[in-house]
Amino acid sequence: MNNIVAIVGRPNVGKSTLFNRLIQRREAIVDSVSGVTRDRNYGKSEWNGKEFSVIDTGGYVRGSEDIFEGEIRKQVELAIDEADVIIFVVDVEEGITPMDETVAKLLRKVTKPVLLAVNKVDNAMREKDAVEFYNLGLGDYYTFASISGSGTGDLLDALIEAFPEKPEVVEEEKVLPRFAVVGRPNAGKSSFINALIGKDRFMVTDIAGTTRDAIDTKFDRFGFEFNLVDTAGIRRKAKVKEDLEFYSVMRSVRAIEHADICILVIDATRGFESQDQNIFWLAQKNRKGVVILVNKWDLVEKDTMSTRDYEEKIKKELMPFTDVPILFVSALTKQRLLKALEASVQVFENRQQRIPTSKFNEYMLKVIEAYPPPATKGKYVKIKYCMQLPSPTPQFVFFANLPQYVKEPYKRYLENKIRDNWDFSGVPIDIYIREK
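Keep in mind that this is a model prediction, so the values were computed, not measured.

Reading the values: rules and limits
Residues numbered from 1 in each chain as written. Predicted model: local features only at pLDDT ≥ 70, side-chain atom pairs only at ≥ 80, totals over all residues. Heavy atoms only, no water. Helix = DSSP H or I, 4+ residues; strand = E, 2+ residues; numbered from the N terminus. Expected span 1.5 Å × (residues − 1). Buried < 20%, exposed > 50% of the residue type's maximum accessible area, 1.4 Å probe, protein only. Arc of directions from axis to C-beta. Contact = heavy atoms within 4.5 Å. 1 Å grid on protein atoms, 1.4 Å probe; cavity = no way out; pocket = protein on both sides within 12 Å on 5 of 7 lines; lining within 4 Å. Points joined across faces, edges and corners; volume = space filled by probe spheres on them. Nonpolar A, V, L, I, M, F, W, Y, C, P; charged D, E, K, R; others polar. Salt bridge = Lys/Arg side-chain N within 4 Å of Asp/Glu carboxyl O. Core = buried A, V, L, I, M, F, W, Y, C linked by side-chain atoms within 4.5 Å. Axes fitted to C-alpha atoms, helices over the stretch in contact; angles between N-to-C directions. Parallel < 35°, antiparallel > 145°, perpendicular 65-115°, else oblique. Pairing = 2+ DSSP bridges. pLDDT = per-residue confidence, 0-100. Phe/Tyr/Trp six-rings, centres within 6.5 Å; stacked < 30°, edge-to-face > 60°. Right-handed = clockwise from strand over helix to strand, strands pointing away. Polar contact = N/O pair within 3.5 Å; in protein donor to acceptor, adjacent residues only side chain to side chain. Left-handed = near helix turned anticlockwise from the far one by under 90°.

Here we take up helix H11 (residues 357-370). Owing to its 3.6 residues per turn, the α-helix brings residues three or four apart onto one side. Its 14 residues give H11 an end-to-end C-alpha distance of 20 Å, which sits within 8% of 20 Å, the value for a rise of 1.5 Å per residue. Taken together, the buried positions of H11 are occupied by Phe360, Asn361, Met364, Val367 and Ile368. Within H11, the buried residues cover an arc of 145° as seen down the axis, which keeps them to one side. Along H11, the residues that are exposed and aim more than 90 degrees away from the buried face are Ser358, Lys359, Glu362, Lys366, Glu369 and Ala370. Packing partners of the buried residues in H11 comprise strand E13 (383-388), strand E14 (395-400) and helix H12 (408-421).

As structure tokens, then:
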């Protein structure tokens, strides 16, 4: 098990900038507005040959009426529980504030090592100003500047020394499949993940746009093992007003690009709207496996036909790619969540599927013989051989004497025949016609 480091402090002291520096990627969103980081954001770092996990937390605020700040406080306390070492970040420019004293009071009760890190110390004058942080009663402090990186080496040396001794376990790290949970704001993505993993890993409120970063969680329950990625809700460009939200959307788009499977969560009470469709096409364009979950199904008034009608309506919007699993779930009542998991894993397996060339030819050449490509300008197209390409996503090539005469409708016919005989549900297929 890697050691875990939690970065805590009041809002806007530079926790996310330090987090990004440690993991050497711009993973956490950084903005001068306080309260940007809301969930615990996890990353991997390494110093002097020692690997450790880093948790970036939201700014700790006490006594606030703000619903987000109350939730952030809970998330920070959870991160402190999970961590082996805590880095408490303060700001030399503002000195000790009442909020710093509140956080220090909380940390003095913790039995784990706490490193007091004074940020924005980039000259000798500020080095002197940092002395006042002894008053927090947490012992020695480390000065650094998270933007330029000066002083972070000493902080990291102290961090490595503070780690408790853990038995070394030599184990090859498995590359786990990535399942990104995507959808519009407030569709229930975080509630869905919390319900699956059985604890409040993500912050959930009724306000759209609560999740801002795309965050990974390792899922290992019910015999399934993969990385679940919670993403910020994707809105239409016209609705993206602030820079911050623009970065959130970009992060979600990047999460889709890096995922294997996209679990598209839609709100049953709102229906399959144009933005849901856009997200679906974004996943399809990136050749990702897709599972559609109609969430909040417990809130919909139903008659005997409702699931079938609802499914038909969605499939009509998805034409021509309609071979997609659609499940009706409720994150709140945990209705059909296990089925949703099974469907997602099945789609992942479908995407990995490889068909032996001999079997593929045996079936497809009979299909082509029964219904050959239409003749164009009196010329007949002959397809004599076909195979699956060794690509990460299902791609098939058909060798013909006149490939330029094979049009899109015939390619769709070939795709439908492949889907009839092999299970590629939820997975986009590419068909290429090449000259033999």
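Inspection of the entire model under this criterion finds 2 cavities of 30 Å³ or more. There is about 50 Å³ of room inside the largest cavity. For the largest cavity, the full set of lining residues is Arg184, Pro185, Asn186, Ala187, Asp267, Arg270, Gly271, Glu273 and Asp276. A per-class count over the lining of the largest cavity returns 2 nonpolar, 2 polar and 5 charged.

Below, the discussion takes up the environment of Pro177. Tracing the backbone shows Pro177 in the loop between helix H5 (152-162) and strand E7 (178-183). Considered as a pair, Pro177 and Asp260 are 83 residues apart in the sequence and their alpha carbons are 6.2 Å apart.

Turning to the pattern of salt bridges, a few remarks are in order. Side chains that differ in charge, positive against negative, can pair when their charged atoms come close. As enumerated under the stated definition, the model contains 12 salt bridges in all. Two residues, Arg10 and Glu94, come together in a salt bridge whose shortest N-O distance is 3.7 Å. Residue Arg10 is located in the loop between strand E1 (3-8) and helix H1 (15-23), and its partner Glu94 is located in the loop between strand E4 (85-91) and helix H3 (98-108); the two are separated by 84 residues in the primary sequence. The partner of Arg287 in a salt bridge is Asp430, with the nearest N and O atoms 2.7 Å apart. Linking Arg287 in the loop between helix H8 (274-285) and strand E11 (289-295) with Asp430 in strand E15 (residues 430-435), this pair joins segments that are 143 residues apart in sequence.

Moving on to the nonpolar core. Core analysis: the largest hydrophobic core is formed by 27 residues, its most contacted members being Phe179, Phe192, Ile263 and Leu293. Among the elements of the structure, E7, helix H6 (189-197), strand E9 (224-230), strand E10 (261-267), E11 and helix H10 (337-352) are those that each provide at least two residues to this core. Of the residues forming this core, the biggest block, 7 residues, is contributed by H10. What Ile263 contacts, discounting residues up to four positions off in sequence, is Phe179, Ala180, Val181, Val182, Phe192, Val291, Leu293 and Ser344.

As a packed pair, H6 and H10 sit with axes 10 Å apart at the nearest point and diverge in direction by 95°. Accordingly, the angle class assigned to the pair H6 and H10 is roughly perpendicular. Seen from H6, the contacting residues are Phe192, Ala195 and Leu196; seen from H10, they are Leu337, Ala340 and Leu341. Here the contact of H6 with H10 is built from residues that sort into 6 nonpolar, no polar and no charged.

Let's shift gears to the sheet that holds E14. Sheet architecture is open: 3 strands sit in the order E13-E14-E15, paired in mixed fashion. Both edges of this open sheet fall to E13 and E15, since each of them pairs with a single strand only. Adjacent strand axes in the sheet meet at a mean angle of 20°, parallel and antiparallel pairs treated alike. Looking at chain direction, E13 and E14 are connected through 5 bridges and run antiparallel. Looking across to E14, one finds that Ile383 is bridged to Ala400.

Predicted confidence across the chain gives a mean pLDDT of 77, with 76% of residues reaching 70 or more. Confidence drops under a pLDDT of 50 for residues 201-214, and excluding neighbours within four residues, the segment shows 75 contacts in the predicted structure. Low pLDDT, under 50, characterises residues 233-250; the stretch is placed with 35 contacts to residues that sit more than four places away or in other chains.

With that out of the way, let us pick up the packing of aromatic side chains. Counted according to the given criterion, the structure contains 17 aromatic pairs. Here Phe52 and Phe163 contribute two aromatic rings whose centre-to-centre distance is 5.5 Å and whose plane-to-plane angle is 55°, an arrangement assigned as tilted. Of this pair, Phe52 sits in strand E3 (residues 50-56) while Phe163 sits in the loop between H5 and E7; the two residues are 111 residues apart in sequence, bridging distant segments of the chain. Taken individually, Phe52 and Phe163 each receive the classification buried, so the pair is uniform in this respect. Consider the rings of Phe396 and Phe424, whose centres lie 5.9 Å apart with planes at 80°: the pair is edge-to-face.

The two faces of the sheet receive side chains in turn, since in a regular strand these alternate between them. The buried fraction of strand E5 (residues 114-119) is high, at 6 of 6 residues. Neither face of E5 is left uncovered, since the one carrying Val114, Leu116 and Val118 and the one carrying Leu115, Ala117 and Asn119 both have all their residues buried. In this sheet, E5 lies alongside E4 in parallel orientation, the contact comprising 6 bridges. Each residue of the ladder has a partner; that of Val90, found in E5, is Val118. Crossover E4 to E5 through H3 is right-handed. Relative to strand E6 (residues 141-143), E5 runs parallel, the two sharing 3 bridges. Residue Leu116 lies in a different strand from E6, and its bridge partner there is Tyr141.

As for its position among the elements, Gln395 is in strand E14. Since its relative accessible area comes to 16%, Gln395 is described here as buried. A polar contact is formed between the side chain of Gln395 and the side chain of Ser391, at a distance of 3.3 Å. With near-sequence residues (within four places) excluded, Gln395 lies in contact with Met387, Gln388, Leu389, Asp430 and Tyr432.

On to the packing of H11 against H12, then. Interhelical geometry of H11 versus H12 gives an angle of 135° and a closest axis separation of 11 Å. Accordingly, the angle class assigned to the pair H11 and H12 is oblique. Helix-helix and strand crossings are classified by hand; for H11 and H12 the assignment is right-handed. Contact with H11, carried on its side by Phe360, Tyr363, Met364, Val367 and Ile368, involves Tyr410, Tyr413, Leu414, Lys417, Ile418, Asp420 and Asn421 of H12 and no other residues of that element. The class makeup of the residues in the contact of H11 with H12 is 9 nonpolar, 1 polar and 2 charged.

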